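Coordinate inspection notes
In case you want the letters, here they are:
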Amino acid sequence: MTEGRLRVGVLGTGTVGQTLADRLSELGHDVRIGSRTASSDVVRTFAEAAAHGEVVVNATGGLVSVDALTLAGAEHLAGKPLLDLSNALDHSVGFPPKVLATDSESLGERIQAAFPEALVVKTLNTMTNAIMVRPRTLPGPHTNFLAGNDAEAKGVVRGLLLEFGWTDEELIDLGDLTASRGMELYLPLWLRMLGAVGNPLFNVHVVRAADS
Ligand SMILES: NC(=O)c1ccc[n+]([C@@H]2O[C@H](COP(=O)([O-])OP(=O)(O)OC[C@H]3O[C@@H](n4cnc5c(N)ncnc54)[C@H](OP(=O)(O)O)[C@@H]3O)[C@@H](O)[C@H]2O)c1
């Protein structure tokens, strides 16, 4: 993989995909956005965007992520870091949506099982999209988690997170992809905090003892 400018396929045309794609482009990366239907030079099919990327971002709805990644094609995901920020939320029940992760299963792991050659790295799913790509929007330090089975892929994703403005101290590596269970199960708490805080521009900060 080349240092510096990366080719990135951002799968997802919703607010989150657009936010990630805009920020990555602003940072000088060569981005294609994936959709079911190509509609411009930048918005291509899921398969074209994934084929373009040295790194692929899954920013599709959690309930349809495996479908979208199937359209992207396992062969276009193989051997590549797959930054997965999705949450499996069932909005059909009204607000708050039902969170489908359990303490024995997560969407991150389901994606990894469906695409065993992809290098899934779960991160950024615990905050609103504006903060994902501009963490300095919030005053002071705050926390973003990472989980994944491949150390090199986590390193590539960490590099992009640092470019977004995260610091090393703010990035907590929780280990292998089973940690995405906890990351996804955090959503019920996040949704309650959204109600209490009144807007989505907040995050948590893991504070450590000075000598740890
Ligand atoms: N909102 C936030 O700030 C936030 C924060 C943390 C995590 N997330 C997660 O980020 C992800 C993206 O959220 P979003 O609100 O931006 O987008 P979204 O509306 O959840 O997803 C949009 C994408 O899903 C694709 N899609 C919809 N139905 C499909 C199907 N049947 N088969 C294949 N693809 C399908 C759409 O394809 P087309 O392009 O063809 O329409 C589109 O690209 C979600 O998993 C969400 O939980 C969001």
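Preceding this paragraph is the structure being described.
Let me begin by describing the structure that accompanies this report. Computed from a predicted structure; not experimentally measured. (Residues numbered from 1 in each chain as written. Predicted model: local features only at pLDDT ≥ 70, side-chain atom pairs only at ≥ 80, totals over all residues.)

**Thoughts on the overall build of the protein**
Quick note on the threshold: The way it works is that DSSP assigns letters per residue, a run of H or I at least four long becomes a helix, a run of E at least two long becomes a strand, and they are numbered from the N terminus. Using C-alpha atoms as the atom set, the radius of gyration is obtained and then compared with a globule rule of 2.2 Å times the number of residues to the power 0.38. Think of it as a crowd count around each C-beta: if 20 or more other C-beta atoms lie within 10 Å the residue is buried, if 12 or fewer it is exposed, and in between it is partly exposed, with C-beta placed from the backbone throughout.
Summing up its helical and strand segments, the protein has nine helices and ten strands in all. Its C-alpha atoms give the protein a radius of gyration of 16 Å, near enough to 17 Å, the size a compact globule of 212 residues would have. Counting only C-alpha atoms and orienting by the principal axes, one finds that the protein spans roughly 45 × 40 × 30 Å. Here the protein holds 212 residues, and the buried ones make up 41% of them.

**Quick look at the sheet that holds strand β9 (residues 144-148)**
Paired through their backbone hydrogen bonds, the strands of a sheet run either parallel or antiparallel. For clarity, the threshold we go by: The criterion for strand pairing is that DSSP finds at least two bridges linking the strands in question. Here an axis means a line fitted to C-alpha atoms, over the contact stretch when the element is a helix, while the angle between two N-to-C directions is reported on a 0 to 180 degree scale.
The eight strands lie next to each other as β3-β2-β1-β4-β5-β8-β9-β10, forming an open sheet whose pairing is mixed. Two strands bound the open sheet, and with one partner strand each, they are β3 (43-45) and β10 (171-173). Sheet twist, expressed as the average angle between the axes of neighbouring strands with direction ignored, equals 30°. Summarising the sheet, strand β1 (residues 7-11) and strand β2 (residues 30-35) pair through five bridges and their orientation is parallel. Directly across from Leu11, in β2, lies its bridge partner Gly34.

**What about the site of the ligand?**
Operational definition: Near, for a residue, is defined by distance from a backbone-placed C-beta atom to a molecule or strand, with 6 Å as the limit that must not be exceeded. Under the convention adopted here, Pro, Cys and the residues Ala, Val, Leu, Ile, Met, Phe, Trp and Tyr are nonpolar, Asp, Glu, Lys and Arg are charged, and Gly plus all remaining residues are polar.
In the neighbourhood of the ligand, 23 residues make up the surrounding shell, with Gly14, Ser35, Arg36, Gly61 and Ser86 lying closest. The set of elements that each furnish at least two residues to the shell around the ligand consists of α1 (15-26) and α3 (65-72). For the shell around the ligand, a count of residues per class yields six nonpolar, 15 polar and two charged.

**Quick look at the pairing of β9**
For clarity, the threshold we go by: Clockwise travel from the first strand over the helix to the second, with the strands pointing away from the viewer, marks a crossover as right-handed.
The buried fraction of β9 is high, at five of five residues. Here strand β8 (residues 119-123) runs beside β9; their pairing, made up of three bridges, is antiparallel. The residue bridging Val121 from the neighbouring strand is Gly148, located in β9. With helix α7 (residues 151-164) bridging β9 and its parallel neighbour β10, the resulting β-α-β unit is right-handed.

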